[in-house]
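Listed here are the chains, written in short residue letters.
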Amino acid sequence: MDSWRKIKQSFSFCIYFVVLSHHGTKSFEQATAEGDIIIGGLFPIHESVNVTVNYDGSENQICDRFSTANLVQSLIMVQALEEINQKQELGNLTLGYLILDSCGDVTTALRKIPSFMKGNCNTSAQQSSPVLAVIGGYYSEIAIAVTRLLNLEYIPEISYGATSGLLSDKTRFPSFMRTVPQDDHQARAISEILDNNGWTWVGVLTTDGEYGRYITERLWYYTNQKGICFAFTSVLPDDLNDYSLGKSIESTVKTIIDNENVSVIVSFAKPDHMMYIFQKLLNNPQGTRRVWLASDIWSQSPEILNTKKHTLSDIGTIIGVTFKSGNTTKFERYLDDLNENPNHHKNNPFLSTLHGLTSSEELKTMIYPSAVFSIELAVKAIAQAVEDLCTDRDCKTKRLSPLELRGALRKAKFHMDGKNYSFDPHGDLNAEYDIILWNQTSESLDVHDIVAHYSILQSSLTFISQEGNVTSKCTDSCQPGYSKTSVSGQPHCCYHVLKCLYCNSEKCNPCEKNYYSLKGSSKCLPRKIDFLKWGDVYLIVLLSFTSLGAVLTIVVGIIFLAHWNTPVVRSSVGPISIILLLSLMITFTSVILFGGPPNSYQCQARQVVFGLSFTLCVSCIMVKSFKIVLAFEFDPDTQNVLKKLYKPYLIIAVCMAGQVVIVTTWLVLSPPSTDSEITQDNMKLIFCNEKLIPAFGAMLAYIGLLALICFGVAYKGRKLPDSYNDAKFITFAMLIYFISWIMFGPVYVNVTDKYIPAVEMVVILISAYGILFCQFFTKCYIILCKKEANTEKSSKEYNTINIKKTFKSVKHLKTCKHLSAVL
């Protein structure tokens, strides 16, 4: 307890401050307390330096912008050191301190650092030992410069706020350590917050210092991976006394106001920067309500908003990223003790810099829980390293060196609040981040409401509570049924939104096979299969006519077979007529193959069966036409030649061979097969694709050529006697065939739905019925209804009379007798 009283006396009387007045501000230079081991502290008690030039060219540097919050942070270090001494955690060793004010300026900090290195308190009393370690500085720009200088004597620096990723490079900064994560983790945490809330169009405020440049670059890296864009990036001078600061603030405020669709602004600026920006924005009549995403540098600085004139709702919503929060209970009791002990207040010039803020309650409002954690943890790390070194050594007589302490710090395993900690190989201590939400109370701002945690090890964001919906996007979200189309010269977050058949926020995606989506829809529906179904009314009608035609063909065949030896059947060339009826039967049957669900075999069979059967049909008619020519030819020499060439079955075989060659070539090269297409009704139409259209055309053309020959021959014999004369009926049948197939071409080409097969079915039926009616119905009528005309006697008499009427010339009488015999 004697040691403790000694430290308390040192605190009351050996703290020495040089107080300079400048425009009502006071400058805190240093505070000291004796101990066996001295720990340095570097805090931005003032946040900037005002430089004036004298007439002789010399400069006066006055620290200004006094920060009560940063002064309170220096007290956190004092309290932590006094607690270790009070509990005698290091045995008979005591910890002292030398705390300097960096004034938030690199040059000022470098001018004061020699005080750590000389072991000089700059007071009337000399320090008993040199500074072995330094806690601070808070800003990365200062920490980078200071650690380079301290490293000349291997003095370790443990920062409680410098977060630049450059400081993790142990080759360049071997003496630097920190109790806060580096900015790469904070940038990732902020990108997760933006992504979690769907904020893809954000503004960024930063500074031109090392901290601002590094964390902005890292944020861009992570947000770019998540499809988040920067609407603007405003860079402010890091030095608060920079001559261009005023213009930069004005330009930044104008940029914020002009970008009305930017509802979220990420800020890496200093607290004073944000105070100036808020003052300007609140004076603007257009309003300033935004979501402000504050980095650790100002996320717990409620003083930036004058709550006497404005409320938090005037500025919008502030979400902050802070370091892990510590337990503030012990430090609050320490502040209460300062308030209750009049001697501290009277003899402690420390508190005289507070501009009259002597109430502990007022000081408590300046406590940053994250600073409590980081600064206490730095003190714990140093104490543990000293304990590790002094376990088997009398450190009072054998002094420690900074190099020894630095090595021990790298290996130290220390604990606080029941958890163990240690520095990683980069000198970093990767604790988690707390995400806070500012709240307006009746008299002040609450900046300690933790709404989420960010785990560095797991790179995950866990919300405790969720804020209301805020939209910050360059373009409205791609709603279901719409797609994004990029805009030239704009970032990928700015795009046109167009309707499409299926949208997945980013682009139009086709539905899976056999699925479809309506325009503007967000889901795919199963696509219905369409073809000429058996239950279709049109197909039923066509199949009815097909069945009727097949039945009539069978009936005609039966009639002919029953009256096989009658003159009518013989004059019709009975065997050829039976082959003709058989071919018609097959033609009617082929019509059935055009209905129902198509398959490859059906597609090949229907055209082949029709082509061959109808070729056989026309070939038989051609044979009958040649017989008429043979009967009609009066020149004996020509007639003898025709008799030799007239081989009915050979003619049929040759005609069929030509068609067989065509269809075989078709089937070998590119046979018909099933195909599908999407109709206007979003149905999948299955149909037979003829593929080799020239082969299909050749098949039909070949039949047409045979029909044309039949027509020409039959037309030549149209004036023969009426009795048993096929010429007129063949001519009429071929006319029906030509008309139907001429109409088929344009219709077949223009019809695109499931009724394409029905078109060909109709044409086939018309052609088949035309031949059936013209070739057989008149003969069946004579056979069944005029039996008296179907006898040998009546046939000869009738023919002779008609021939004489037709050929009255005596010159042709012999030929007429021959014709009568043929008929």
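Quick caveat: nothing in here was measured; it's all calculated off a predicted structure.

Cut-offs applied
Residues numbered from 1 in each chain as written. Predicted model: local features only at pLDDT ≥ 70, side-chain atom pairs only at ≥ 80, totals over all residues. Heavy atoms only, no water. Helix = DSSP H or I, 4+ residues; strand = E, 2+ residues; numbered from the N terminus. Buried < 20%, exposed > 50% of the residue type's maximum accessible area, 1.4 Å probe, protein only. Contact = heavy atoms within 4.5 Å. Areas by Shrake-Rupley, 256 points an atom, 1.4 Å probe, with all protein chains shown as cover. Polar contact = N/O pair within 3.5 Å; in protein donor to acceptor, adjacent residues only side chain to side chain. UniProt positions renumbered as here; feature names shortened; annotations may be inferred. Phe/Tyr/Trp six-rings, centres within 6.5 Å; stacked < 30°, edge-to-face > 60°. Pairing = 2+ DSSP bridges. Axes fitted to C-alpha atoms, helices over the stretch in contact; angles between N-to-C directions. Salt bridge = Lys/Arg side-chain N within 4 Å of Asp/Glu carboxyl O. Core = buried A, V, L, I, M, F, W, Y, C linked by side-chain atoms within 4.5 Å. Parallel < 35°, antiparallel > 145°, perpendicular 65-115°, else oblique. Disulfide = S-S within 2.5 Å. 1 Å grid on protein atoms, 1.4 Å probe; cavity = no way out; pocket = protein on both sides within 12 Å on 5 of 7 lines; lining within 4 Å. Points joined across faces, edges and corners; volume = space filled by probe spheres on them. Nonpolar A, V, L, I, M, F, W, Y, C, P; charged D, E, K, R; others polar. pLDDT = per-residue confidence, 0-100. Expected span 1.5 Å × (residues − 1). Bend = angle between axes of the 7 residues up to and from the residue.

Enquirer: Report on the overall build of the protein, specifying residues and quantitative values.
Expert: A tally of helices and strands in the protein yields 26 helices and 27 strands. Within the protein, the fraction of its 823 residues that count as buried is 52%. At a minimum sequence separation of 6, the contacts of the protein that also span at least 24 residues come to 70%. Of the roughly 37400 Å² of accessible surface on the protein, a fraction of 57% belongs to carbon and sulfur atoms.

Enquirer: Let's hear about the side chain of Ser613: which residues, and what values?
Expert: Here Ser613 shows up in helix H19 (residues 600-632). At 3.1 Å, the side chain of Ser613 forms a polar contact with the backbone oxygen of Phe610. Here Ser613 is in contact with Ser583, Ile586 and Thr587, once residues within four sequence places are set aside.

Enquirer: Kindly report on the UniProt feature "transmembrane region" (unreviewed entry) in the protein, identifying the contributing residues and their values.
Expert: Under the UniProt annotation, "transmembrane region" (unreviewed entry) lies at residues 537-564, 576-596, 608-629, 649-671, 692-715, 727-749 and 761-784. In residues 692-715, the share of helix is 96% and the share of strand is 0%. The end C-alpha atoms are 35 Å apart. The span residues 727-749 is 100% helical and 0% strand by assignment, and the distance between its end C-alpha atoms comes to 34 Å.

Enquirer: Describe the packing of aromatic side chains, naming the residues involved and giving the relevant values.
Expert: Each aromatic ring pair is characterised by the separation of its centres together with the angle its planes make. All chains considered together, the criterion is met by 26 aromatic pairs. Between Trp666 and Phe696, the ring centres sit 5.8 Å apart and the planes meet at 40°, which makes this aromatic pair tilted. Of this pair, Trp666 sits in helix H21 (residues 648-669) while Phe696 is found in helix H22 (residues 693-716), placing the two residues 30 residues apart along the sequence. Take Trp666: its relative accessible area is 1%, and that puts it in the buried class. By relative accessible area, which is 5% here, Phe696 ends up buried. Judged by centre distance (4.3 Å) and plane angle (35°), the rings of Phe773 and Phe777 are tilted.

Enquirer: Let's hear about the pairing of strand E13 (residues 264-267): which residues, and what values?
Expert: The two faces of E13 match: Val264 and Val266 on one face and Ile265 and Ser267 on the other face are all buried. Relative to E13, strand E11 (residues 201-207) runs parallel, the two sharing four bridges. Along E13, the bridge assignment pairs Gly203 with Ile265. Looking at chain direction, E13 and strand E14 (residues 290-294) are connected through four bridges and run parallel. The residue of E14 that forms the bridge with Ser267 is Ala294.

Enquirer: Help me get a handle on the sheet that holds strand E18 (residues 433-440), residues and values and all.
Expert: Judged by pairing direction, the sheet is mixed, and its eight strands sit side by side in the order E12-E11-E13-E14-E15-E18-E19-E20 without closing on themselves. At either end of the open sheet lies a strand with only one pairing partner, and these are strand E12 (229-236) and strand E20 (460-463). For this sheet the average axis-to-axis angle between neighbouring strands, irrespective of direction, equals 25°. Examined bridge by bridge, strand E19 (residues 445-455) and E20 share four bridges and lie antiparallel to one another. Bridged to Ala452 within E20 is Phe463. Most of the contacts of helix H7 (residues 210-225) go to E11, to which it runs at about 160°, and overall it touches E11, E12 and E13. Its contacts with the sheet put helix H8 (residues 245-258) on E11, E12, E13 and E14, and the angle it makes with E12 is roughly 165°.

Enquirer: Could you give an account of the pattern of salt bridges, with specific residues and numbers?
Expert: Scanning the model with the defined rule gives 19 salt bridges in all. Its salt-bridge partner being Glu83, residue Lys87 comes within 3.2 Å of it at the nearest N-O pair. Here Glu83 ties to Lys330 by a salt bridge, and the two come within 3.3 Å at their closest N and O atoms. One end of the pair, Glu83, is in helix H2 (residues 68-86); the other, Lys330, is in helix H11 (residues 329-340), with 247 residues separating them in the sequence. Taken together, the shared-partner salt bridges in this structure form one network comprising Asp530, Lys533, Asp536 and Lys754.

Enquirer: Can you tell me about the nonpolar core, naming the residues and giving the values?
Expert: Ranked by internal contacts, the top residues of the largest apolar core, which has 140 residues, are Met77, Trp292 and Trp298. Per-element tally for this core: the top contributor is helix H14 (residues 369-390), with 13 residues. Apart from the residues within four sequence positions on either side, Met77 is in contact with Ile39, Gly40, Gly41, Phe43, Tyr97, Ile99, Ile135, Ile375 and Val379. Counting residues in hydrophobic clusters, the runner-up holds 71 residues, among them Ala695, Cys710, Trp741 and Cys774.

Enquirer: Help me get a handle on the sheet that holds strand E3 (residues 30-33), residues and values and all.
Expert: The six strands are arranged E3-E7-E4-E8-E9-E10 in an open sheet whose pairing can be described as mixed. In this open sheet, the two edge strands, each paired with only one partner strand, are E3 and strand E10 (176-178). Between one strand axis and the next, the sheet turns by 20° as a mean value, whatever way the strands run. Where strand E9 (residues 157-159) lies against E10, three bridges are found, and the strand directions are parallel. Within the sheet, the bridge partner assigned to Glu157 lies in E10 and is Phe176. Running over the sheet, helix H15 (residues 402-411) touches strand E8 (131-135), E9 and E10 and is turned about 50° from E8.

Enquirer: Tell me about the packing of helix H18 (residues 574-592) against H21, residues and numbers included.
Expert: Interhelical geometry of H18 versus H21 gives an angle of 25° and a closest axis separation of 11 Å. Judged by the angle between their axes, H18 and H21 are roughly parallel. Of the residues in H21, those touching H18 at Pro575, Ile576 and Ile579 are Pro648, Tyr649 and Ile652.

Enquirer: So what about the state of the cysteines? Which residues, and what values?
Expert: Enumeration according to the criterion identifies three disulfides in this entry. Across the disulfide, Cys390 is cross-linked to Cys395 (sulfur-sulfur distance 1.8 Å). Because the sign of the S-S torsion sets the handedness, a value of about -110° for the bond joining Cys390 and Cys395 places this disulfide among the left-handed ones. The pair formed by Cys390 and Cys395 is uniform in burial state, with each residue classed as buried. Between the sulfur of Cys603 and that of Cys688 lies a disulfide, 1.8 Å long from S to S. Looking along the S-S bond of the Cys603-Cys688 disulfide, the torsion reads about -75°, which is the left-handed sense.

Enquirer: Please provide a residue-by-residue account of the environment of Pro369, values included.
Expert: You can see Pro369 is positioned in helix H14. Those residues in contact with Pro369, other than ones at most four positions away along the chain, are Gln300, Lys324, Ser325, Gly326, Thr328 and His448.

Enquirer: Kindly report on unusual backbone geometry, identifying the contributing residues and their values.
Expert: Between Gly136 and the following residue, Gly137, the backbone shows a cis peptide bond with an omega angle of -15°. In this structure, Gly137 sits in the loop between E8 and helix H5 (140-150). Although it is not a glycine, Cys103 sits at a positive phi angle of roughly 60°. Note on placement: Cys103 falls in the loop between strand E7 (95-101) and helix H3 (106-112).

Enquirer: Any details on the layout of surface pockets? Residues and values, ideally.
Expert: Estimates place the volume of the largest pocket at around 880 Å³. Residue lining of the largest pocket: 30 residues in total, with Pro302, Glu303, Ile304, Leu305 and Met366 positioned closest to the centre. At the level of secondary structure, the elements contributing two or more residues to the lining of the largest pocket comprise strand E6 (59-66), H2, helix H9 (271-282), helix H13 (360-364) and E19. Partitioning the lining of the largest pocket into residue classes produces 12 nonpolar, eight polar and 10 charged.

Enquirer: How would you explain the confidence of the model for the protein if you had to name every residue and give the values?
Expert: Low-pLDDT stretches of the model should not have their predicted coordinates read in fine detail. Of the residues in the protein, 80% reach a pLDDT of 70 or more, and the chain-wide mean stands at 81. For residues 119-128, every residue scores under 50 in pLDDT, and the model assigns this stretch 17 contacts once sequence neighbours within four places are set aside. Counted against residues more than four places away or in other chains, residues 805-823, with its pLDDT under 50, gives 19 contacts.

Enquirer: If you had to explain helix H23 (residues 727-750) to someone new, which residues and values would you point to?
Expert: For an α-helix the count is 3.6 residues per turn, leaving residues at separations of three or four pointing the same way. Taking 1.5 Å per residue as the helical rise, H23 with its 24 residues ought to reach 34 Å, and the 36 Å between its terminal C-alpha atoms agrees with that figure. Maximal helix bending in H23 amounts to about 25°, located at Phe744; proline Pro746 follows within four positions. Three or more residues of H23 are buried, namely Ala727, Ile730, Thr731, Ala733, Met734, Tyr737, Phe738, Ser740, Trp741, Phe744 and Tyr748.

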